[in-house]
Amino acid sequence: MTLGFYSELEKQLRFNRELAKIVVEKIKGLFTEYTVKTGIERLKIMDFCGTHEWSITYYGLRSLVPSGMELVAGPGCPVCVVPSHYIEESIKLALDGVVVYAYGDVYKLRARRSVRGAYSLSEARSLGGDVRIVQDILSATRDAAGHGKPSVFIGVGFETAAPAYAWSILRKHLPVNLKLLILVKLTPPAMFYSLEVSREKPTEPPINGVIAPGHVSTITGAKAWTPVSENYGLPVVISGFEPLDVLVSILEIMKQLVEGKAETVIEYKRSVSWHGDLRAQNAINKVFEVVDDAWRGIGFLPKSGLRLREEYRLYDAFHEYGVRELKPVEWEKDMPPGCRCAEVVLGKAYPTQCPLFMKACTPQKPVGPCMVSIEGTCAIWARFGSRDLLLRITNEVKTSKG
């Protein structure tokens, strides 16, 4: 397929207002039918990808769906859930003379405790640490090979990032002086946990459907989400990222709810298959082992992280520099005082319900981890607003006019 085809497809999925209007009307019709049939007037649909949350917020999709339908964000930002401990360890390495490579959002991520006066890698750099921002691991390997100094790359991400890290090892791209601090998280365990948490309070509407991550699913395949449909009885739709993709996914969830079905369906068929990228999966399984892992603001989740296997410890920053792993008995969810990111990433609160949001915590001076990354829910809402925010401003304007 040509680039022109994709450009036209993108245009149709983003700007086809007539089709969007039809889809929205169908969603509203099915919502009314579901309400009449079940007596349930409020339901929640959770998205598990920062890019989906971006599309929902940026294009104002919350203002298009029925008022009784809540679109809430799940733990779809890998940077947001990196425990403070590992940022502190990275700061320490930088201040001890190790060249530290990090993505731009990891560079700004604030730790719970300071290390020699630095709360982030950006502050460590201002104190003399050699911290370098990179866009990918290839950039880090090239730079590290050029200077030869002891170096560490902070490998944050979900399943989408893992193949690049694995291939850098398998294809022997890494120079001997560059070690990897692998902090990759696996999304299905976080999804299961979020659904369990949503059922703890019967006074709140539970999660009724899931918009599953598109990028992650290109690697894992749609099959990774079948346990959600089978064990929780929920519709799951793997969605693309354009506004019409998301609306069609919501429509599919509503159709299943009305019909009493709970199936895993691929809306994003132009990129996602049922079994995923088997070659990438093979590389991940060869290089990494699955471990219990800590998710900042969430908890210590079973089989939810990746670490390098023993045979690849030559590349392991944990081994090379004695970086200590967290243990469940000693770890707390390490959120700043007053910060509600823990509830935001679990769909239990909106950013506007946090007392720090756009007051002490802003994109320019983030306090909580959800305000740092462009995939963080708070950062998205701060930049592009929300229905609640718009309604509040509208009401304030009306009040001020008497």
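Residues numbered from 1 in each chain as written. Predicted model: local features only at pLDDT ≥ 70, side-chain atom pairs only at ≥ 80, totals over all residues. Heavy atoms only, no water.

Tell me what's going on with the packing of helix α8 (residues 162–170) against helix α13 (residues 278–287), and back it up with residues and numbers.
The N-to-C vectors of α8 and α13 enclose an angle of 65 degrees; their axes lie 9 Å apart at closest approach. By crossing handedness, the relation of α8 to α13 is classed as left-handed. Between α8, through Ala162, Pro163, Ala166, Trp167, Ile169 and Leu170, and α13, the contact on the second element is made entirely by Arg279, Ala280, Ala283, Ile284, Lys286 and Val287. Taken together, the residues of the contact of α8 with α13 break down into ten nonpolar, no polar and two charged. (Axes fitted to C-alpha atoms, helices over the stretch in contact; angles between N-to-C directions. Helix = DSSP H or I, 4+ residues; strand = E, 2+ residues; numbered from the N terminus. Left-handed = near helix turned anticlockwise from the far one by under 90°. Contact = heavy atoms within 4.5 Å. Nonpolar A, V, L, I, M, F, W, Y, C, P; charged D, E, K, R; others polar.)

A description of the sheet that holds strand β1 (residues 43–47) should follow, citing residues and the corresponding values.
The strand order across the open sheet built from five strands is β2-β1-β7-β8-β9, with neighbouring strands paired in parallel fashion. What marks the edges here is a single partner per strand, and that holds for β2 (69–73) and β9 (264–266). Shown here is a sheet whose adjacent strand axes are inclined to one another by a mean of 20 degrees, direction ignored. Two elements, strand β8 (residues 236–238) and β9, share three bridges in a ladder whose sense is parallel. (Pairing = 2+ DSSP bridges.)

Tell me what's going on with the sheet that holds strand β4 (residues 131–133), and back it up with residues and numbers.
Taken in spatial order, the four strands of this open sheet run β4-β3-β5-β6, and their pairing is parallel. The open sheet has two free edges, formed respectively by β4 and β6 (178–184), since each of these has just one partner strand. Each strand of the sheet is rotated relative to its neighbour by a mean of 20 degrees, with strand direction disregarded. By the bridge criterion, three bridges tie strand β3 (residues 99–102) to β4 in an arrangement that is parallel. Across the sheet, the residue bridging to valine 100 is valine 131, located in β4. Along the sheet, helix α4 (residues 84–95) makes contact with β3, β4, β5 (151–157) and β6, crossing β3 at roughly 140 degrees.

I'd love a proper account of the packing of aromatic side chains, names of residues and values included.
Taken as a whole and judged by the stated rule, the model has 13 aromatic pairs. With 6.0 Å between their ring centres and 85 degrees between their planes, tryptophan 54 and tyrosine 59 make a pair best called edge-to-face. Looking at tyrosine 59, the relative accessible area reads 26%, which means it is partly exposed. Seen from their ring centres, tryptophan 54 and phenylalanine 384 are 5.6 Å apart, and the 80 degrees between their planes marks the pair as edge-to-face. Taken together, the positions of tryptophan 54 in helix α3 (residues 50–58) and phenylalanine 384 in helix α16 (residues 377–384) put the pair 330 residues apart, joining distant regions of the chain. Residue placement shows arginine 110 over the ring face of tyrosine 119; its charged tip is 4.2 Å from the ring centre. (Phe/Tyr/Trp six-rings, centres within 6.5 Å; stacked < 30°, edge-to-face > 60°. Buried < 20%, exposed > 50% of the residue type's maximum accessible area, 1.4 Å probe, protein only. Lys NZ or Arg CZ within 6 Å of the ring centre and 35° of its normal.)

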